[in-house]
Amino acid sequence: MRTAHRTCPLCEAVCGLTLTLDDGDNVIGVRGDADDPFSKGFVCPKGASLGRLDQDGDRLSTPLIREGGEWREASWQEAFEAVERGLSAVPAPSRAIYLGNPNAHTMAGALYAAPLIRALGTRQVYSASTADQMPKQVSAGLMFGHSLTIPVPDLDRTDYLLMLGANPLESNGSLCTAPDFPGRLKALRRRGGRLVVVDPRRTRTAALADEHVFIRPGTDAYLLMGVVHTLLTEKLTDVRVPVGGLAELEEAVSGFTPEACADACGVPAELITRLARELAAAPTAAVYGRIGTCTVEFGTLAQWLVDVVNVLTGNLDRPGGAMFPRPATEGPRRRRPYATGRWHSRVRGLPEANGELPVATLADEIETPGEGRIRALITVAGNPVLSAPNGARLDRALAGLDFMVSVDPYLNETTRHADVILPPPRVTQAGHYDFALLGFAVRDYVRYSPPVVPLPEGRPSEGEILARLTMIASGQGASADPALLDELALDQTLRRAVETPGSPVEGQDPAGLRALLTGSNGAELRLDAMLRLGPYGDWGGRALGEGNGLSLTTLLENPHGIDLGPLRPRIPEGVLTTASGAVELAPEAILADVPRLREGLGRRASGFVLIGRRHLRSNNSWMHNVAPLVGGSNRCTLQIHPQDVEELGLAGHAVIRSAAGELVVQLEPTDTIMRGVVSLPHGWGHAGTSQLVAAKNAGVSANILTDESIVDPLSGNAVLNGVPVTLVPA
Ligand SMILES: Nc1nc2c(c(=O)[nH]1)N[C@H]1C(S)=C(S)[C@@H](COP(=O)(O)OP(=O)(O)OC[C@H]3O[C@@H](n4cnc5c(=O)[nH]c(N)nc54)[C@H](O)[C@@H]3O)O[C@H]1N2
Ligand SMILES: Nc1nc2c(c(=O)[nH]1)N[C@H]1C(S)=C(S)[C@@H](COP(=O)(O)OP(=O)(O)OC[C@H]3O[C@@H](n4cnc5c(=O)[nH]c(N)nc54)[C@H](O)[C@@H]3O)O[C@H]1N2
Ligand code: SF4
Ligand SMILES: [Mo]
């Protein structure tokens, strides 16, 4: 028996775990790591089940090749050769890639996805981001200059938190990395702070809050417009950062009185006004909006308004407000205008955002004939058949591809369409560093977990799998050495650093720096380079002071992680990279979308709408195969208000219909949901998979009902909340 430390890769809270392993390297116990300075021993039921997930017998251990409708196990070399044959038959513009959510959690996703995209040479790039946070990234790009310059609520110090469309008691937080989010919210209230939750359901988070505000799904932009209108007309603003566009903002907001907004969002005008006054009066305050405000038709407008309120109330970039984390691997960001729509999708003409096209149009691009039609697809850590809008259509489209390869531990609803499945190693066999999520942490913090269990001889890491796909896509063949790619990346990183004026290594010799790097594989070497060049790095990063610099070695010496302190104001140090150097309050692209919002002013919506929900013991589509996590309250039921059940004459089950499809659903009457709103969790509807437990708890897929033809026009994000539906007895 031995213990080992490992960051939990399952959600954005990045909890430190202490694993107990037996002599056969099986995880026989999981505890929260009490010595982790950030998570301090917190663990949730998913993290506690990491061993079950790691040792799940339904995970694939070798590549699979599909031939004549039959799966057979194959060697790695054989599998890569099959990929080479399949990909090389398809010209670059007809190749596509879809990157799923776990890429935000793996080192492979952070380090090897970008080179793979470049090697594919295609604009057919898709990811779960356009079913998730793309509106926030677009608004951050337009307002702050970079799509990853995203402020997070300073949870541990704020006096007032207005939370819209998030349920961290189930999700553990998102775009706000905060282990033990529930504990931090309780602490906020204990120190006399106020928590207000806006949600069409009285969630567990809403129940914990000082105040819960019901809102009509999809309409948070109206509520926030009413707040901005109040702040401006009552002269409650206190702008403390350099801004541009204040006059244009005032003009855009005119007419969005709390009274006019109240009809559209269902929140009384007096309440909207009061929220504005409270936000302005609080010593410090932060507005935070997540999934419920992103995956809607006004997603980017809502995200823009979240930060407009943070700026107008003087809370952007100040302790207790909404702040920009400073992650240890942050590289230099140049000042340049941010724009979307540098190219458009072939079939629907939807704008690119951050180099991606909307997943809502993936099926169009596969099905519609013509030059550039997608014929080959790579999926990495994604299950879009269950996660993308109108998944049923995508399911059919995938079946018609010429070639598909999936990097995934499971044979599931999506990967069953692949010709080749390449499984990543077990969780415990992978090193872990949160390149993405530490950029959204409510404290600056750093932690690296080397692999707990060694990789068996001949077994590629996930990074190596992606590197080999990259070599294949760039025409170097199935036998090229993936280590070459790491050296190329290192060379690029070091060269850029020595050429950047003001960089800690400006003018030095890249080869000399390369010789100083340590690490037992390419990913570790690249991490070492990024840490040492970063703001806390031992090559002159200044944030921690002399002699305190980080490197891979420091991280290995501190297996519980290192606290780098509370968030600090970053605007003075130049975090804004807009062309003007100021926060843009009224970007042109955003103003151009305001008339669409104006059209709905004063209009009271009617009819039923569908929203989603998450459960603490579930994780999107892929953790339903772990027996202790399914069952009990974690079920795929349609929550509906009891009075709606009665009025519609429903009982037991109902047929629910949308523009995209229909389902028979089991009803769960509950007065925690608003009248006129129904809620079904996504990620269910298991079929055709290798997952035996999941098959027994199949449920239905909410994304049979979501409509791929409607997107948030600025970001291309899918509309997964606020979907019009009708209900009839089954
Ligand atoms: N209706 C509705 N739909 C939604 C949402 C919603 O709220 N409502 N939420 C949306 C959101 S926020 C997201 S992020 C998307 C998620 O969309 P996806 O990312 O497409 O779906 P997941 O269910 O997260 O699938 C993850 C896949 O990665 C695999 N996997 C797990 N770990 C690893 C790993 O380490 N390496 C590799 N290679 N594979 C791995 C799993 O087996 C699974 O197949 O769904 C979106 N869809
Ligand atoms: N246990 C668990 N944790 C997860 C995940 C999981 O599947 N399970 N998924 C992970 C992923 S990929 C993500 S992106 C995050 C998401 O993290 P969160 O954003 O916290 O996601 P949810 O828990 O779905 O909470 C969204 C809330 O928005 C509400 N809502 C729906 N529509 C609207 C609306 O129009 N307006 C408002 N104001 N509210 C609305 C819903 O009722 C719901 O309570 O969670 C991550 N963590
Ligand atoms: S909260 Fe998230 S990171 Fe923490 S143990 Fe649970 S799943 Fe893992
Ligand atoms: Mo997500």
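In this numbering scheme, every chain counts its residues from 1 along its sequence in written order. All chains are assigned letters beginning with A, and all ligands numbers beginning with 1, in the order in which they are written. In view of the model being predicted, local features appear only for residues whose pLDDT reaches at least 70, and side-chain atom pairs are presented and counted only at 80 or more, with totals across whole chains, interfaces and linings using the full set of residues. Only hydrogens and water are removed before side-chain values are computed, so all heavy atoms of the structure are retained for them.

Nearness here has a simple test: a residue counts as near a molecule or strand if at least one of its heavy atoms is within 4 Å of that partner. Around ligand 2, 30 residues are found, and the nearest of them are Ser171, Asp199, Gly218, Asp220 and Ser618. Here a polar contact means two N or O atoms within 3.5 Å. Within protein one must be a hydrogen donor candidate and the other an acceptor candidate, and residues neighboring in sequence count only if both atoms are side-chain atoms. The side chain of Asp199 places a nitrogen or oxygen atom 2.6 Å from an oxygen atom of ligand 2. Contact distances for ligand 2 include 2.7 Å between a nitrogen atom and a backbone N or O atom of His615. Using the Shrake-Rupley algorithm and a 1.4 Å probe, accessible areas are obtained, with residue cover drawn only from the displayed protein chains. Relative to its unbound accessible area of 910 Å², ligand 2 is 97% covered by the protein chains. Elements represented by at least two residues in the shell around ligand 2 include exactly helix H6 (168-171) and helix H13 (291-294). Residues that form the shell around ligand 2 fall into these classes: nine nonpolar, 13 polar and eight charged. Shared between two domains, the shell around ligand 2 holds at least three residues of each, these being domain 2 (134-324 + 575-598) and domain 3 (608-729). Strands here are runs of E lasting at least two residues and helices are runs of H or I lasting at least four, both read from the DSSP assignment and numbered beginning at the N terminus. Charged means Asp, Glu, Lys or Arg here, nonpolar means Ala, Val, Leu, Ile, Met, Phe, Trp, Tyr, Cys or Pro, and polar covers whatever is left, Gly included. Segmentation into domains, and thus their bounds, comes from an automatic or database assignment.

Here the focus is the sheet that holds strand S15 (residues 376-380). Strand pairing is defined by DSSP finding a minimum of two bridges between the two strands. With respect to topology, seven strands assemble into an open sheet ordered S5-S4-S17-S16-S15-S6-S7, the strand pairing being mixed. The strands lining the two open edges of the sheet, one partner per strand, are strand S5 (70-73) and strand S7 (124-127). Averaged over all pairs of adjacent strands, the angle between their axes in this sheet comes to 15°, without regard to strand direction. The pairing of strand S6 (residues 95-99) with S7 spans four bridges and is classified as parallel. Residue pairing across strands places Leu99 opposite Ser127, the latter belonging to S7. In what follows, a contact means two residues having at least one pair of non-hydrogen atoms within 4.5 Å. For helices, the fitted line uses only the C-alpha atoms of the stretch in contact; every axis is such a line through C-alpha atoms, and the angle between N-to-C directions lies from 0 to 180 degrees. Across the sheet, helix H18 (residues 462-473) lies against S6, S15, strand S16 (403-407) and strand S17 (420-422), angled at about 155° from S16, the strand it touches most.

Now for the domain arrangement of the protein. Examined at the domain level, the protein breaks down into domain 1 (64-102 + 113-131 + 337-422), domain 2 (134-324 + 575-598) and domain 3 (608-729). Each of domain 1 and domain 2 was reduced to a C-alpha centroid, and the two centroids are 35 Å apart. Contacts between domain 1 and domain 2 engage eight residues on the former and eight residues on the latter. Where domain 1 abuts domain 2, roughly 720 Å² becomes buried across the two surfaces, and 66% of that area is made up of carbon and sulfur atoms. Once two parts are put together, the accessible area they lose, assessed with a 1.4 Å probe and summed over both, is termed the buried area.

Look at Val14: it is not a glycine, yet its phi comes out positive at around 45°. Its place among the elements puts Val14 in the loop between strand S1 (2-7) and strand S2 (16-21). Owing to a relative accessible area of 2%, Val14 belongs among the buried residues under this scheme. Backbone geometry at Asp180 places phi at a positive 60°, although glycine is not the residue there. Take Asp180: it is sitting in the loop between H6 and helix H7 (181-190). Think of it in three bands: with a 1.4 Å probe and only protein chains considered, a residue is buried below 20% of the maximum accessible area for its type, exposed above 50%, and partly exposed in between. Under the relative-accessibility criterion, Asp180 is labelled partly exposed at 25%.

Here we have four strands laid out as an open sheet, ordered S11-S10-S9-S13, and parallel in their pairing. Of all the strands in the sheet, just strand S11 (211-213) and strand S13 (286-289) have a single pairing partner and so form its edges. Looking at each pair of strands side by side, their axes are set apart by 15° on average, direction ignored. Taken together, the four bridges between strand S9 (residues 160-164) and S13 define a ladder with parallel strand orientation. When the sheet's bridge partners are listed, Leu164 is paired in S13 with Gly289. Each of S9, strand S10 (194-198), S11 and S13 is contacted by helix H12 (residues 269-281), which is oriented at about 140° to S9, the strand it contacts most. Along the sheet face, helix H14 (residues 299-312) touches S9 and S13 and points at about 170° away from the line of S13.

Turning to the pattern of salt bridges, a few remarks are in order. Only one rule defines a salt bridge in this text: a Lys or Arg side-chain nitrogen within 4 Å of an Asp or Glu carboxyl oxygen. In this structure the tally under the stated criterion is 47 salt bridges. Between Arg204 and Glu170 there is a salt bridge whose closest N-O contact spans 3.0 Å. Of this pair, Arg204 sits in helix H8 (residues 204-208) while Glu170 sits in helix H6, and the two are 34 residues apart along the sequence. Under the relative-accessibility criterion, Arg204 is labelled partly exposed at 41%. The class of Glu170 is buried, set by a relative accessible area of 11%. Its salt-bridge partner being Asp712, residue Arg596 comes within 3.8 Å of it at the nearest N-O pair. You can see Arg596 sitting in helix H24 (residues 594-599) and its partner Asp712 sitting in strand S28 (residues 711-712), a full 116 residues away along the chain. The buried category is assigned to Asp712, whose relative accessible area is 0%. Among the ionic contacts, a cluster of salt bridges with common partners joins Arg326, Glu330, Arg333, Arg570 and Glu573.

On to the state of the cysteines, then. A pair of sulfur atoms, both from cysteines and within 2.5 Å, is called a disulfide here. Under the definition given, this model contains zero disulfides. The structure places no disulfide on Cys294, whose sulfur is separated from the nearest cysteine sulfur, that of Cys176, by 13 Å. Cys294 gets classed as buried once you look at its relative accessible area, which sits at 0%.

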